[in-house]
Amino acid sequence: MGLYLNPNIENFLEAFNSTIYIDKSLVINEFNKRIGVNGKFICQSRARRFGKTMLQNMVCAYYTKGADAKEYFSKLKISKELTEPKDIERYHKYMNNFNVIKLDFNGFWNSVTQEDRTNFFSIFHSNLKQEFIEEFPDVDFSNDKTLANFIGRVYSVKKETFIVLIDEYDFFVREKVSQEIFDNFLGLLISLFKNDAIKPAISLAYLTGILPIVRDKIQSKLNNFDEYTMINAYPFEECIGFTKEEVKNLCKQYKLDENEFKRWFDGYKIEDKELYNSNSVVQSILKRKFQCFWGQTGSFEAISDYLKFDFEGIREDVTQLLSGREVAVNVSSFCNTLDKFETKDDVFTYLIHLGYLTYNSNEKTCYIPNLEVKEQWKNAIERMTNFGIVPQIIKESRNLIEATIHGEEKLVAESLERSHSLVMNNWQYNNEACFASAIILSYIAGYDYYTIFQELPTGKGYADLVFIPYKSSKPALIIELKVDTVVETAINQIYDKKYNLHLEQYKGNMRFVGISYNKETKKHTCKIEEW
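Scoring rules and cut-offs
Residues numbered from 1 in each chain as written. Predicted model: local features only at pLDDT ≥ 70, side-chain atom pairs only at ≥ 80, totals over all residues. Heavy atoms only, no water. Helix = DSSP H or I, 4+ residues; strand = E, 2+ residues; numbered from the N terminus. Buried < 20%, exposed > 50% of the residue type's maximum accessible area, 1.4 Å probe, protein only. Contact = heavy atoms within 4.5 Å. Areas by Shrake-Rupley, 256 points an atom, 1.4 Å probe, with all protein chains shown as cover. Lys, Arg positive; Asp, Glu negative; His and termini not counted. Charge placed at Lys NZ, Arg CZ, Asp CG, Glu CD. Patch = residues over 30% accessible without salt bridge, like charges linked within 9 Å, V, L, I, M, F, W, Y side chains within 5 Å. Salt bridge = Lys/Arg side-chain N within 4 Å of Asp/Glu carboxyl O. 1 Å grid on protein atoms, 1.4 Å probe; cavity = no way out; pocket = protein on both sides within 12 Å on 5 of 7 lines; lining within 4 Å. Points joined across faces, edges and corners; volume = space filled by probe spheres on them. Pairing = 2+ DSSP bridges. Core = buried A, V, L, I, M, F, W, Y, C linked by side-chain atoms within 4.5 Å. Axes fitted to C-alpha atoms, helices over the stretch in contact; angles between N-to-C directions. Left-handed = near helix turned anticlockwise from the far one by under 90°. Nonpolar A, V, L, I, M, F, W, Y, C, P; charged D, E, K, R; others polar. Polar contact = N/O pair within 3.5 Å; in protein donor to acceptor, adjacent residues only side chain to side chain. Phe/Tyr/Trp six-rings, centres within 6.5 Å; stacked < 30°, edge-to-face > 60°. Lys NZ or Arg CZ within 6 Å of the ring centre and 35° of its normal.

(A) Representation of the overall build of the protein in the model. A tally of helices and strands in the protein yields 23 helices and 16 strands. Considered along the principal axes of its C-alpha atoms, the protein spans approximately 90 × 50 × 35 Å. Across the 531 residues of the protein, 55% fall into the buried class. Pairs at least 24 residues apart make up 71% of the contacts formed inside the protein by residues separated by at least 6 positions. Summed over its atoms, the accessible surface of the protein is roughly 23200 Å², and 45% of this surface lies on carbon and sulfur atoms. Taken as two groups, the 66 positive and 74 negative side-chain charges of the protein have centres that lie 2 Å from each other.

Set out below in structure tokens:
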């Protein structure tokens, strides 16, 4: 039993014995089906905070010879819900029956001093060799220098096979290490996974990271891997974060508001599965509050650093994203590397993999998934200098909401006139959808208090914007937008089409807001009435 070869199951037990533990063990059945057959090399990328390391620890605990995990897995779904005889047979046959090599390049790199990093892979192989010598005292490793050599030696002498688990496999890409270190890393991958001599010695390989396989550097080295990402994850999508049903059960158990969890942490859809940020859900339950937890594990600079490329159309698309709309994205052009961003599509695809956007595969669009992530976007944009007036609009948004609630019509009209003219360029200005986006961007702070609906079917038509408050301290808002007509027409339409029909519970605590502008003069007017 070592740190890297046949490790114990303490990391798994730490999660298993935690206050909140969601059982993802059925995914092991998918791995078991691939043991020793085509498809046995798997690479899965996902954003931080979505449980990839916990899943690695569970897979390790199941397969490793370094411990007996039967007691714990007997309490999990994998031992209770399998129905096919072959699946059940494999479950019992493979449990704690493999030599497991579990590597975390992030952790190993940071355990080595700055001075020793130039010899990183020599130290790495030296440490592993010592563990192999201790685990297999009857095997002679004196002439072996690399991990592939060690695995091949054991296989040739004892006919024992290995499962290779690598977490943070993309670490050396994200850290932008020296070319020599990177070349050594590629050499390690080639020796393990493109080597027919030791291919039979590896029964399964499971690599996890944040970025998908880098096309121009690693892909040719890992083209025998099946790849699963935040864009295409089937059949592993249910082990990315928490599912809707899992969060629903947690809300029942802890007597918490499911709608609030949905507002803050939901919004990710992969293969039509509704998924939540697992770390944020757990933190919210344990701390009994709803807030942005991303700052504890990531930085909004991951957004701002790449929006600074200022590719054509990116500012307009970001405005649409902040207003709650979806924007078109081509996810096929990104090379999954951090030094080749050539279009806004590359930037948005990268942010999808990081979890700052999510992908609608049916429409080929992306959007900001939830309030927690929107907070990170707001933090990023507020500090940027190349986004014109947008950062200032975000900062002033809270004041605009208060002005609207208190019926300050002139102030509201002036604020919206300024943002509409400065956010949208001339060819977009008179586009009604862009007008609506500019209005929503101006009210972006409203997401802290409201669910904001666009084109909500109600009464005898569709209300342009409806703000439903989460707490009774704020009034509901119905906003109707008009062009080239007197603003009273907007208010009359709210009454005539009974947009308030299904909002009777807010009577006495609602504002009807009419907003109109003149295409020629660009003058905006506002009318606010209490109802």
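(B) Examining a positive patch on the surface more closely. A contiguous patch of positive charge, built from Lys244, Lys248, Lys252 and Lys269, is present on the exposed surface. Looking at which element gives the most residues to the positive patch, the answer is helix H12 (residues 244-254), with three residues. Here Lys252 falls in the exposed class, since its relative accessible area comes to 57%.

(C) Spatial organisation of empty space enclosed by the protein. Throughout the structure, instances matching the rule amount to two cavities of 30 Å³ or more. Roughly 80 Å³ of volume is contained in the largest cavity. What lines the largest cavity is simply Ile389, Gln392, Ile393, Glu396, Ser397, Leu400, Ser415, Arg418, Ser419 and Ser442. If you list the elements that add at least two residues to the lining of the largest cavity, you get helix H19 (390-405) and helix H20 (409-423).

(D) Examining the sheet that holds strand E9 (residues 327-328) more closely. Spatially, three strands are ordered E9-E11-E10 in an open sheet, and the strand pairing comes out antiparallel. At either margin of the open sheet sits one strand with a lone partner, and together these are E9 and strand E10 (358-360). In this sheet, strand E11 (residues 365-367) lies alongside E9 in antiparallel orientation, the contact comprising two bridges. If you follow Val327 over to E11, its bridge partner there is Cys366.

(E) Representation of the nonpolar core. Within the largest apolar cluster, 139 residues are counted, with the highest numbers of intra-cluster contacts made by Phe105, Phe132, Phe172, Phe193 and Trp377. At eight residues, the largest contribution of residues to this core is made by helix H11 (residues 179-193). What Trp377 contacts, discounting residues up to four positions off in sequence, is Ile303, Leu307, Val318, Leu321, Leu322, Leu351, Tyr356, Leu357 and Ile368. Core analysis: the next-biggest nonpolar cluster, separate from the first, contains 34 residues, Ile42, Tyr62, Val100 and Cys239 among them.

(F) Region of interest: the packing of helix H16 (residues 314-322) against helix H17 (residues 344-354). Here H16 crosses H17 at 35°, and the two axes come no closer than 10 Å. Taken as a pair, H16 and H17 cross one another with a handedness that is right-handed. Contact residues: H16 offers Ile314, Asp317, Val318 and Leu321, while H17 offers Lys344, Val347 and Phe348. For the contact of H16 with H17, the residue count by class is five nonpolar, no polar and two charged.

(G) Seen up close, the side chain of His420. Looking at the secondary structure, you find His420 in helix H20. Residue classification places His420 among the buried positions, given a relative accessible area of 0%. A polar atom in the side chain of His420 sits 3.0 Å from the side chain of His524.

(H) Region of the structure containing the packing of aromatic side chains. Across all of its chains, the model carries 57 aromatic pairs by this definition. Ring geometry for Phe120 and Phe121: centres 4.9 Å apart, planes at 90°, overall edge-to-face. Judged on exposure class, the residue Phe120 and its partner Phe121 are both buried. Following the ring pairs from residue to residue traces out a cluster consisting of Tyr4, Phe105, Phe108, Trp109, Phe120, Phe121, Phe124, Phe171, Phe172, Phe182 and Phe185. Above the face of the Tyr470 ring, Arg263 is positioned so that its terminal group lies 3.4 Å from the ring centre.

None of this, on its own, says anything about what the molecule does.
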